[in-house]
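These are the residues of each chain, in order.
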Amino acid sequence: MRDARQSRLHPAQHDALTGLAHRGCGHARLEAALARARADRSALALVMLDIERFHALNAALGHAAGDGVLQEVARRLVRETGPRDTVARFGSDEFFILLARLDSATALADADRLVARLTREVDVGGLRIPLRVRAGVALHPDHGSDAVALLRRADLALRQAKEGHSRLAVYESGHEERQLRRLGIVHALRDAVTGGQLALEYQPKLELRSRTIEQTEALLRWRHPALGATAPDEFIPLAEQTGQIEPLTRWVLGQVLQQMRAWRSCGVHVGAAVNLSALDLSAPDLPTAIAGLLGAHGVEAHDLTLEITESALMHQPDVARAGLESLHALGVRLALDDFGVGFSSLSRLRRLPVDELKIDRSFVSGLCVEGRQLRLVRSIVDLGHGLGLRVVAEGVEEIDALRVLEDMGCDAVQGYLVSLPLAPDELARMCRARHGGRRTVLRAGASSAVLGSRAAARP
Ligand code: C2E
Ligand code: MG
Ligand code: MG
């Protein structure tokens, strides 16, 4: 039997499929509920809810199955809410729920319980379909008292829940500012290359056996006149999501090869690594573009390393592997970056054409005493060597960690202990000083134990 909240509505106010109030009616009820809550100083939770992978489900099982899921979600929502609450259908698979409670804590706890109870299988024509939802919550009075602001904030929280793969996210102050900054970054990125706002820094990788610097990693730096310095961890994912990563990667590759040429002409022979994103691997013309750049700058292919994170490879493993194979055929070196946090299977790892494995810095930080972490890192080093790979540890900040890694047979280390990422001329100066036989101490606290030979380090 239909609930009063579904059946008593005028046809123009309700959604024919689910019998729920539609968007316009939901708005009117929000205004009315807010007026009541303001008058009696009570609270409201506005929940925006979205069915995960609904479009994929529609495409795979047909619209009738999709409709069945929407109707069941509507029924569950009505069953789990009270007579003072409102449930409305906002868009194709988007629902809006308004919970009126005495205080915010209760409203939030009830919203959480409601969303948890929705996550059960749905029976559609005898087929059990798993149902997962994402929800964003904004509260009155905590997050605002006007309908438009509350709706926007619940929507921002929903986006947060989707991005964080969490069932429910609550609006946090600062959300809008962050959103505005992200919009600003996406907009400004378009001119970053042509506006000359990008630069590269190079961080050396120290070979543990010879204590020489033969490889570096190029790290992108962006300074925008209004946004200020923006970290790659912030702008690279946005560039990937908005289709702007390709020109950035091409710019980096061009600059790095030109830089290697310039270093060689002043007697510094050092290799460099460029970070690729998963999307770069699916660009069919990337190998040709790299071959062209290597030829134009007269750089040997094996002096260029391409780093790709383990998690990026897991995204579309077959596309990524095909991309890696065509790059490997050029003779460039390939490194698996941030290894250990991406859950790649051993069988997949065995088939990847990579040369280097970079242990993620989360495993390296604080590495000194015998224990689980140390045993884990030792197994990664052994695993890498077992697969015939060179193993590099990232994020080495402590001399004790360097010694432990050296004892394990790790091939090279990269981290603030050896050097911060450097401007190209500083990097050249460091290499020249080292290979000229002088000892270089670039960072306070770094000692001969880091840059000198092991014999010098240990009396
Ligand atoms: P990544 O490739 O793993 O690079 C290493 C990051 O660790 C760099 O951060 C580096 O500055 C930082 N790091 C180095 N040593 C230490 C240390 O001892 N301690 C700590 N805490 N951090 C250390 P950065 O430059 O902020 O870059 C972050 C990430 O952004 C990179 O991680 C890479 O995934 C991405 N990235 C940077 N440049 C590019 C680029 O040109 N293209 C793409 N696609 N991604 C890039
Ligand atoms: Mg890297
Ligand atoms: Mg890394």
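Just so we're clear, the structure is a prediction, and the values are computed from it rather than from any experiment.

J.: Explanation requested: the environment of L30 in the structure shown.
T.: Checked against the element boundaries, L30 lands in helix α2 (residues 23-40). Classification of L30 as buried rests on a relative accessible area of 0%. Each C-alpha atom, one on L30 and one on L98, is 7.3 Å from the other, the two residues being 68 residues apart in sequence. Apart from the residues within four sequence positions on either side, L30 is in contact with L46, F96, L98, A147 and L151.

J.: When you look at the coordination of the magnesium ion (ligand 3) in this model, what are you seeing that I'm missing?
T.: For a metal with four tetrahedral donors the ideal donor-metal-donor angle is 109.5 degrees, whereas six octahedral donors ideally subtend 90 or 180 degrees. Listed as protein donors to the magnesium ion (ligand 3) are D337 (OD), D338 (OD), E394 (OE) and E394 (OE); their distances from the metal cover 2.0 to 2.5 Å. Here the donor residues of the magnesium ion (ligand 3) are spaced in sequence according to D-D-x55-E. Separating the magnesium ion (ligand 3) from the magnesium ion (ligand 2) is a gap of 4.1 Å, bridged by D337, which donates to each. Using a relative accessible area of 5% as the deciding quantity, one classes D337 as buried.

J.: I keep staring at the nonpolar core and nothing clicks. Help me out?
T.: In summary, soluble globular proteins display a tendency toward joint burial of nonpolar side chains. With 80 residues, the main nonpolar core has V256, L304, L306 and L405 as its most contacted residues. For this core, the element with the highest residue contribution is helix α9 (residues 245-265), accounting for nine residues. When residues no more than four places from it in sequence are discounted, the contact partners of L304 are L253, V256, M260, A272, V274, I290, L294, V332 and R333.

J.: Quick question: what am I supposed to make of the pattern of salt bridges here?
T.: Charged atoms that come close allow side chains of opposite charge to pair. Counted under the stated rule, the structure contains 35 salt bridges. Here E172 makes a salt bridge to R178, at a shortest N to O gap of 3.6 Å. Residue classification places E172 among the partly exposed residues on the basis of a relative accessible area of 42%. Within this structure, K205, E207, E217, E307, R333, E356, K358, R390 and E394 form a network of salt bridges that share partners.

J.: Would you take a moment to explain the sheet that holds strand β7 (residues 168-170) for this structure?
T.: Hydrogen bonds along the backbone pair up the strands of a sheet, which may run parallel or antiparallel. Taken together, five strands build an open sheet; the order of strands is β2-β3-β1-β6-β7 and the sheet is mixed. In this open sheet, the two edge strands, each paired with only one partner strand, are β2 (86-89) and β7. On average, each strand axis in the sheet is tilted by 20° relative to the strand beside it, whichever way the strands run. Of the strand pairs in this sheet, strand β1 (residues 43-51) and strand β3 (residues 94-101) are connected by eight bridges, and their pairing is antiparallel. Note on β3: the bridge partner recorded for L46 is L98.

J.: Is there a simple way to explain the site of ligand 1 in this structure?
T.: Around ligand 1, 22 residues are found, and the nearest of them are E217, R221, R361, E397 and Y416. Contacts to ligand 1 include E394, whose side-chain N or O atom sits 3.1 Å from an oxygen atom. Look at ligand 1: alone it shows 800 Å² of surface, and the protein chains cover 86% of it. Secondary-structure elements contributing two or more residues to the shell around ligand 1 are β9 (213-224), α8 (232-241) and β13 (333-339). For the shell around ligand 1, the leading source of residues is β9, giving four residues. Along the lines of polarity and charge, the residues of the shell around ligand 1 split into nine nonpolar, five polar and eight charged.

J.: Would you mind showing me how to read the pairing of strand β11 (residues 271-275) here?
T.: Where a strand is regular, its side chains alternate between the two sheet faces. Where burial is concerned, most of β11 is hidden: four out of the five residues are buried. The pairing of β9 with β11 spans three bridges and is classified as parallel. Of the residues in β11, the one forming a bridge with Q215 is G271. Across four bridges, the pairing between β11 and strand β12 (residues 304-309) is parallel. Bridge pairing in β12 links A273 to T305.

J.: Which parts of the structure should I look at to understand the confidence of the model for the chain?
T.: It should be kept in mind that the predicted coordinates are not to be read in detail where pLDDT is low. Here the chain shows a mean pLDDT of 88. Residues at 70 or above account for 92%. Across residues 437-447, where pLDDT falls below 50, the model places 15 contacts with residues more than four positions away in sequence or in other chains. The low-confidence segment residues 453-459 (pLDDT under 50) makes nine contacts with residues lying over four places distant or belonging to another chain.

J.: Is there a simple way to explain the coordination of the magnesium ion (ligand 2) in this structure?
T.: In the first shell of the magnesium ion (ligand 2), the protein supplies E217 (OE), N275 (OD1), E307 (OE) and D337 (OD), at 2.1 to 2.3 Å from the metal. In primary-sequence terms, the residues that donate to the magnesium ion (ligand 2) follow E-x57-N-x31-E-x29-D. Residue N275 is classed as partly exposed on the basis of its relative accessible area of 29%.

J.: Where do I start with the domain arrangement of the chain in this structure?
T.: Interfaces are frequently sized by the accessible area removed from exposure as the parts join. What the domain assignment reports for the chain is domain 1 (2-173) and domain 2 (182-449). Once you take the C-alpha centre of each, domain 1 and domain 2 turn out to be 45 Å apart.

J.: Can you help me understand helix α17 (residues 399-408) in this one?
T.: Residues of α17 that are buried: A401, L402, V404, L405, E406 and M408. Taken from the residues just after α17, G409 is the one with a positive phi, measuring 90°.

J.: What is the right way to read the environment of D93 from this model?
T.: By the element assignment, D93 lies in the loop between β2 and β3. The spacing of D93 and M430 is 337 residues in sequence and 58 Å in space, taken between C-alpha atoms. What D93 contacts, discounting residues up to four positions off in sequence, is L49, D50, I51, F54, H55 and L70.

J.: Explanation requested: helix α16 (residues 372-386) in the structure shown.
T.: One turn of the α-helix equals 3.6 residues, which is why residues spaced by three or four share an orientation. Over its 15 residues, α16 runs 21 Å from end to end, which matches the ideal 21 Å to within 8%, given 1.5 Å per residue. For α16, the set of buried residues is L374, V377, I380, V381 and G384. In an axial view of α16, the angular spread of the buried residues amounts to 120°, which keeps them on one side of the axis. Opposite the buried face of α16, at more than 90 degrees from it, the exposed residues are R372 and G386. Each element contacted by the buried residues of α16 is listed here: β13, β14 (356-359), α15 (361-364), β15 (390-393) and α17. G388 sits one or two positions beyond α16 and adopts a positive phi of about 75°.

Reading guide: rules and limits
Residues numbered from 1 in each chain as written. Chains lettered and ligands numbered in written order. Predicted model: local features only at pLDDT ≥ 70, side-chain atom pairs only at ≥ 80, totals over all residues. Heavy atoms only, no water. Helix = DSSP H or I, 4+ residues; strand = E, 2+ residues; numbered from the N terminus. Buried < 20%, exposed > 50% of the residue type's maximum accessible area, 1.4 Å probe, protein only. Contact = heavy atoms within 4.5 Å. Donors = N, O, S within 2.8 Å, 3.2 Å for Na, K, Ca; no water. Core = buried A, V, L, I, M, F, W, Y, C linked by side-chain atoms within 4.5 Å. Salt bridge = Lys/Arg side-chain N within 4 Å of Asp/Glu carboxyl O. Pairing = 2+ DSSP bridges. Axes fitted to C-alpha atoms, helices over the stretch in contact; angles between N-to-C directions. Near = heavy atom within 4 Å. Polar contact = N/O pair within 3.5 Å; in protein donor to acceptor, adjacent residues only side chain to side chain. Areas by Shrake-Rupley, 256 points an atom, 1.4 Å probe, with all protein chains shown as cover. Nonpolar A, V, L, I, M, F, W, Y, C, P; charged D, E, K, R; others polar. pLDDT = per-residue confidence, 0-100. Domains from an automatic or database assignment. Expected span 1.5 Å × (residues − 1). Arc of directions from axis to C-beta.

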